[in-house]
Amino acid sequence: MRFASDLARAYYAQFHAPLQVNSAVRTVAYQIRLRRVNGNAAGIGGDTGSPHLTGEAIDFGKRDMSKAEIAWMRTYLLPLMQAGKVDVEEEFQQACFHISVYRTYAPEMLAPRRSTRREDAQLQQPHVSRTRMDVDQ
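Residues numbered from 1 in each chain as written. Predicted model: local features only at pLDDT ≥ 70, side-chain atom pairs only at ≥ 80, totals over all residues. Heavy atoms only, no water.

K.L.:
I would appreciate a short explanation of the sheet that holds strand 4 (residues 96-101) in the present structure.
P.N.:
The strands making up a sheet associate through hydrogen bonds between their backbones, and the pairing can be parallel or antiparallel. One open sheet holds the four strands; their spatial order is 1-2-4-3, and the pairing between them is antiparallel. At either end of the open sheet lies a strand with only one pairing partner, and these are strand 1 (21-23) and strand 3 (86-91). Taking each pair of neighbouring strands and ignoring which way they run, the sheet shows an average axis angle of 30°. Bridge count for strand 1 against strand 2 (residues 57-61) is two bridges, and the pairing is antiparallel. Each bridged residue has a counterpart across the sheet, and for Val 21 the counterpart in strand 2 is Phe 60. Contacts from helix 1 (residues 2-15) reach strand 2, strand 3 and strand 4 within the one sheet, and its direction differs from that of strand 2 by about 25°. Along the sheet, helix 3 (residues 67-82) makes contact with strand 2, strand 3 and strand 4, crossing strand 3 at roughly 150°. (Pairing = 2+ DSSP bridges. Helix = DSSP H or I, 4+ residues; strand = E, 2+ residues; numbered from the N terminus. Axes fitted to C-alpha atoms, helices over the stretch in contact; angles between N-to-C directions. Contact = heavy atoms within 4.5 Å.)

K.L.:
Would you mind going over unusual backbone geometry with me for this structure?
P.N.:
Across residues other than glycine, the phi torsion is negative in most instances, and most of the peptide bonds are trans. Of note in this structure, His 16 is not a glycine but carries a positive phi near 55°. In this structure, His 16 sits in the loop between helix 1 and strand 1. Its relative accessible area of 60% is what places His 16 among the exposed residues. (Buried < 20%, exposed > 50% of the residue type's maximum accessible area, 1.4 Å probe, protein only.)

K.L.:
Please explain the pattern of salt bridges as it appears in this structure.
P.N.:
As a working rule, side chains carrying opposite charge can pair if their charged atoms are close by. Counting across every chain of the model gives four salt bridges. As a salt-bridge pair, Asp 6 and Arg 9 come within 3.9 Å of each other at their nearest N and O atoms. Residue Asp 6 and its partner Arg 9 are both found in helix 1; the two are separated by three residues, about one turn of the helix. Take Arg 9: its relative accessible area is 57%, and that puts it in the exposed class. (Salt bridge = Lys/Arg side-chain N within 4 Å of Asp/Glu carboxyl O.)

Shown next, in the form of structure tokens:
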């Protein structure tokens, strides 16, 4: 996941320590077991289904983080939330940052965009360079 890699690199550059991932992709069976012991765990389907089941969420542990590290995480994540690229729930009982990452975080990683007819026509035309040197000769 590009988001996790970007965040971990920035965190390491700041604190010279690795970032702890507590949870990422989960199976349905694991999510069902988790719900039995964790009141915060989401269900397995519908609008309230866990984004961990689809790989859209990742949890970063904060139990071993200092106040400065937690403040840095909040500061790093806030503009991404405001831009609609992630949704962050700072959990206190489970001591983690639960982060849902949206496709807008890395749009270039999505399926290639189909070209328009105009772009296709431009690709079929021979390329003509119109530099100042070409005009003067």
